[in-house]
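Descriptive structure summary
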Amino acid sequence: ASGSSRGSGRGYYRLHYHPGNLIFAAAGNVRHEDVVEAVGKAYAHAPAGPTRIARTGDTAPPLRNEVHVAERKLEQSHVVYGTQGLARNDPDRFALGVLNIVLGGGMSSRLFQEIREKRGLVYSVWSSHTGYAETGLFTVYAGTSPKRVREVLSLVRDEIAAVVEQGITPEELARGKGHLTGSLVLGLEDTGSRMSRLGKGELCHNEILSPDEVVERIKGVTEDDVIAVGRRVLTEQPWALTVLGQTDGNGFDEFVR
């Protein structure tokens with residue numbers, strides 16, 4: 001960053017990278033006692049520093065209806081359409097996970113089937129959600145030809161409205177929950193993923209849920225839960241839009257009103 005120096009970098013490191021502010025996670029063919037002993041030896045002479053304090057009371061940045069267009073001479077136009085999601089500890093995050101799978105998570109999703117498979121308007125399209133400490137980010141991405149941007153955005157809006165107004169089918173609910181639980185189980189086959197899950201649980205959620213507990217929370221999601229979180233996230237907040245590539249020269253304000 002501008003104005004940074006070796007001294008400022010060392011100062012930042014000493015402020016944050018110390019035993020009082022670190023979490024160690026281990027998975028695999030290890031014994032808890034051995035890990036504790038190894039960490040203790042490695043940091044035996046390091047200053048403890050202040051104890052980590054969980055962040056509370058942070059507020060999300062303001063969300064505004066905005067359109068950003070960056071004209072570039074590209075073969076396709078890239079569209080990101082987004083709104084505020086859920087914080088990483090929000091109890092509705094499991095219902096939103098199911099909704100995300102149904103709307104735009106994979107080749108069986110509504111966005112993929114309607115916009116790519118049936119109409120052939122996009123090279124790729126998907127939705128995603130990321131949870132942060134105090135807020136989240138829900139986005140839809142599409143890559144399409146410049147002349148199709150407005151049509152694709154209209155179809156995305158239609159699919160979002162359909163989910164909120166009509167709900168999802170029992171088959172979609174089962175598929176969404178099956179996808180989430182399947183991804184969890186597949187992730188447990190990798191030792192690094194097991195380690196990351198433990199560290200993330202301690203660092204971000206202040207609790208470590210067992211795989212069975214996570215599966216039970218996912219299985220507990222109902223159609224009403226999905227509809228409720230859909231209304232909360234998809235209809236009760238402002239939307240923002242970014243278009244990168246060539247456009248028809250007209251604005252896109254109607255998509256963020």
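For the structure, see preceding data.
Just so it is clear, the model here is predicted, and its values are computed rather than measured.

What counts, and where the lines are drawn
- Residues numbered from 1 in each chain as written.
- Predicted model: local features only at pLDDT ≥ 70, side-chain atom pairs only at ≥ 80, totals over all residues.
- Heavy atoms only, no water.
- Patch = residues over 30% accessible without salt bridge, like charges linked within 9 Å, V, L, I, M, F, W, Y side chains within 5 Å.
- Areas by Shrake-Rupley, 256 points an atom, 1.4 Å probe, with all protein chains shown as cover.
- Salt bridge = Lys/Arg side-chain N within 4 Å of Asp/Glu carboxyl O.
- Lys, Arg positive; Asp, Glu negative; His and termini not counted.
- Charge placed at Lys NZ, Arg CZ, Asp CG, Glu CD.
- Helix = DSSP H or I, 4+ residues; strand = E, 2+ residues; numbered from the N terminus.
- Buried < 20%, exposed > 50% of the residue type's maximum accessible area, 1.4 Å probe, protein only.
- Pairing = 2+ DSSP bridges.
- Axes fitted to C-alpha atoms, helices over the stretch in contact; angles between N-to-C directions.
- Contact = heavy atoms within 4.5 Å.
- Phe/Tyr/Trp six-rings, centres within 6.5 Å; stacked < 30°, edge-to-face > 60°.
- Expected span 1.5 Å × (residues − 1).
- Arc of directions from axis to C-beta.
- Core = buried A, V, L, I, M, F, W, Y, C linked by side-chain atoms within 4.5 Å.
- Polar contact = N/O pair within 3.5 Å; in protein donor to acceptor, adjacent residues only side chain to side chain.
- Parallel < 35°, antiparallel > 145°, perpendicular 65-115°, else oblique.
- Nonpolar A, V, L, I, M, F, W, Y, C, P; charged D, E, K, R; others polar.

Things to note about a negative patch on the surface
Among the surface-exposed residues, Glu171, Glu223, Asp224 and Asp225 lie close enough to one another that they form a single negatively charged patch. Summarising the element assignment, glutamate 223 is placed in helix α9 (residues 223-235). On the basis of relative accessible area, glutamate 223 is assigned to the partly exposed category, the value being 30%.

Comments concerning the sheet that holds strand β4 (residues 136-144)
Spatially, β1-β5-β2-β4-β3 is the arrangement adopted by the 5 strands of the open sheet, whose pairing is mixed. At either margin of the open sheet sits one strand with a lone partner, and together these are β1 (67-70) and β3 (122-131). Going across the sheet, the axis of each strand differs from the next one's by a mean of 10°, ignoring polarity. As paired elements, β3 and β4 share 9 bridges and run antiparallel to each other. Bridged to serine 127 within β4 is valine 140. Packed onto the sheet, helix α4 (residues 110-117) meets β3 and β4 and runs at close to 160° relative to β3.

Comments concerning the environment of glycine 9
Relative to the assigned elements, glycine 9 resides in helix α1 (residues 6-16). Each C-alpha atom, one on glycine 9 and one on tyrosine 123, is 43 Å from the other, the two residues being 114 residues apart in sequence.

Topic: the packing of aromatic side chains
The tally for this structure, following the rule as stated, stands at 4 aromatic pairs. Ring plane angle 5° and centroid distance 5.0 Å describe the contact between tyrosine 13 and tyrosine 17, whose orientation is recorded as stacked. Residue tyrosine 17 is classed as partly exposed on the basis of its relative accessible area of 46%.

Digging into helix α6 (residues 170-187)
Helix length check: α6, at 18 residues, gives a terminal C-alpha distance of 26 Å against a target of 26 Å (1.5 Å per residue), a fit within 8%. Those residues of α6 that sit buried are Glu172, Leu173, Gly176, Lys177, Thr181 and Leu184. Projection of α6 onto a plane perpendicular to its axis shows the buried side chains occupying an angular sector of 160°, all on one side. Those residues of α6 that are exposed and aimed more than 90 degrees away from the buried face are Glu171 and Leu186. Check the buried side of α6 and you find it contacts α3 (93-104), α4, α7 (191-205), α8 (211-219) and α9.

Digging into the pattern of salt bridges
The tally for this structure, following the rule as stated, stands at 13 salt bridges. When the shortest N-O distance is used, the salt bridge between glutamate 172 and arginine 110 registers 2.8 Å. Placement of the pair is glutamate 172 in helix α6 and arginine 110 in helix α4, with a sequence separation of 62 residues. Note on glutamate 172: relative accessible area 13%, which makes it buried. On the basis of relative accessibility, which here comes to 16%, the residue arginine 110 falls in the buried class. Of the charged contacts in the structure, one is a salt bridge between glutamate 254 and arginine 150, with a shortest N-O distance of 2.6 Å. You can see glutamate 254 sitting in the segment after β5 (239-244) and its partner arginine 150 sitting in helix α5 (residues 149-166), a full 104 residues away along the chain.

Some words on the nonpolar core
Soluble globular proteins tend to bury their nonpolar side chains together. Core analysis: the largest hydrophobic core is formed by 45 residues, its most contacted members being Tyr81, Ile115, Phe138, Leu153, Val156, Leu234 and Leu241. Not counting residues within four places of it along the chain, the set of residues in contact with tyrosine 81 comprises Phe138, Thr139, Val140, Leu153, Val156, Arg157, Ile160, Trp239, Ala240, Leu241 and Phe255.

Observations regarding α7
A rise of 1.5 Å per residue sets the reference length of α7, with its 15 residues, at 21 Å; its end C-alpha atoms lie 20 Å apart and thus fit the reference within 8%. Measuring from the backbone nitrogen of glycine 192 back to the side-chain oxygen at the start of α7 gives 3.2 Å, which picks out aspartate 190 as the cap. One or two residues past the end of α7 sits asparagine 206, with phi positive at roughly 55°.

Let's talk about the side chain of serine 127
Note on placement: serine 127 falls in strand β3. Looking at serine 127, its side chain comes within polar contact range of the side chain of asparagine 100, at 2.6 Å. Not counting the four nearest positions on each side in its chain, serine 127 is found in contact with Asn100, Leu103, Gly104, Gly105, Leu111, Phe138, Thr139 and Val140.

Brief notes about the packing of α3 against α9
With their axes 9 Å apart at the nearest point, α3 and α9 run at an angle of 85° to one another. On the basis of the axis angle, α3 is roughly perpendicular to α9. Taken together, the residues of α9 that come into contact with α3 (itself represented by Ala95, Leu96, Val98 and Leu99) are Asp225, Val226, Val229, Gly230, Val233 and Leu234. A class-by-class count of the residues in the contact of α3 with α9 yields 8 nonpolar, 1 polar and 1 charged.

Limitation: the analysis is restricted to geometry and does not speak to function.
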